[in-house]
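# Examination of the molecular architecture
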Amino acid sequence: MRSNSVIFWILAVFFAIMAGTYAVWSWIYYDGHLEWVGLVALTLSAILGVFLAFFLGRTAKGFGGPLPEDRLDANIDDADPEIGHFSPWSWWPFFLGGAIAVMALGLAVGFWVSFIGVPLLLVALAGWVFEYYRGNFAR
């Protein structure tokens, strides 16, 4: 993460230099007037780089040591924590996505279609939440 912070500091400095260069160049090209769109875009890109570099640097200090991706002797498994339990056989996320698509279609085409999507959404959400409370996989 510390290396990412350094990369964003380099990008921030690059965009700041380019913003200054762009300001001088547009001042010369437009006879004393600035072209604001490009100048603002480059300046905001430099500010975004500073924000990201600062955040990543502070986050890296909070971990108390080098992260696995910053060490040259680290293995792939060192940065592979247990995220949670996911059901690879579950069809409920597919149905939930379809119900959300029907609701979005209702917002885009006609609001009455959303009334069909709401019950589908509730059934899919309940099925996904309670899939371990019934059948062969009940706990």
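Residues numbered from 1 in each chain as written. Predicted model: local features only at pLDDT ≥ 70, side-chain atom pairs only at ≥ 80, totals over all residues. Heavy atoms only, no water.

### As for the environment of Leu52
Turning to its location among the elements, Leu52 is positioned in helix 2 (residues 36-62). For the pair formed by Leu52 and Trp9, sequence separation is 43 residues and the distance between their alpha carbons is 8.3 Å. (Helix = DSSP H or I, 4+ residues; strand = E, 2+ residues; numbered from the N terminus.)

### Details of the layout of surface pockets
Quantified by volume, the largest pocket comes out at close to 160 Å³. Trp92, Gly127, Phe130, Glu131 and Arg134 are, among the 10 residues lining the largest pocket, the residues nearest its centre. Contributing elements (two or more residues each) for the lining of the largest pocket: helix 3 (92-108) and helix 4 (114-129). Here the residues of the lining of the largest pocket sort into 7 nonpolar, 1 polar and 2 charged. (1 Å grid on protein atoms, 1.4 Å probe; cavity = no way out; pocket = protein on both sides within 12 Å on 5 of 7 lines; lining within 4 Å. Points joined across faces, edges and corners; volume = space filled by probe spheres on them. Nonpolar A, V, L, I, M, F, W, Y, C, P; charged D, E, K, R; others polar.)

### Examining the UniProt feature "transmembrane region" (unreviewed entry) in the protein chain
Following the UniProt record, one finds the feature "transmembrane region" (unreviewed entry) at residues 7-30, 36-56, 91-109 and 115-133. Counted over residues 91-109, helix gives 89% and strand 0%. Its end C-alpha atoms are 27 Å apart. For residues 115-133, the helix share is 79%, the strand share is 0%, and the end-to-end C-alpha distance is 28 Å. (UniProt positions renumbered as here; feature names shortened; annotations may be inferred.)

### Let's talk about the side chain of Ser90
Among the structural elements, Ser90 can be located in the loop between helix 2 and helix 3. A distance of 3.3 Å separates a polar atom in the side chain of Ser90 from the backbone nitrogen of Trp92. At a separation of 2.8 Å, a polar atom in the side chain of Ser90 contacts the side chain of Glu131. Leave out the neighbours within four places in its chain, and Ser90 touches Trp128 and Glu131. (Polar contact = N/O pair within 3.5 Å; in protein donor to acceptor, adjacent residues only side chain to side chain. Contact = heavy atoms within 4.5 Å.)

### Examining the pattern of salt bridges
Enumeration over the complete set of coordinates arrives at 1 salt bridge. The partner of Asp73 in a salt bridge is Arg71, with the nearest N and O atoms 3.2 Å apart. Judged by relative accessible area, Asp73 falls into the exposed class, the value being 60%. (Salt bridge = Lys/Arg side-chain N within 4 Å of Asp/Glu carboxyl O. Buried < 20%, exposed > 50% of the residue type's maximum accessible area, 1.4 Å probe, protein only.)

### Regarding the confidence of the model for the protein chain
For the protein chain, the mean per-residue pLDDT works out to 88, and 96% of the residues sit at or above 70. Model confidence for the protein chain, summarised as mean pLDDT per element, is weakest for helix 4 at 92 and strongest for helix 3 at 94. (pLDDT = per-residue confidence, 0-100.)

### Observations concerning unusual backbone geometry
With a phi close to 55°, Asp31 is a non-glycine residue in the positive phi region. Among the secondary structure elements, Asp31 is positioned in the loop between helix 1 (2-29) and helix 2. Looking at Asp31, the relative accessible area reads 70%, which means it is exposed.

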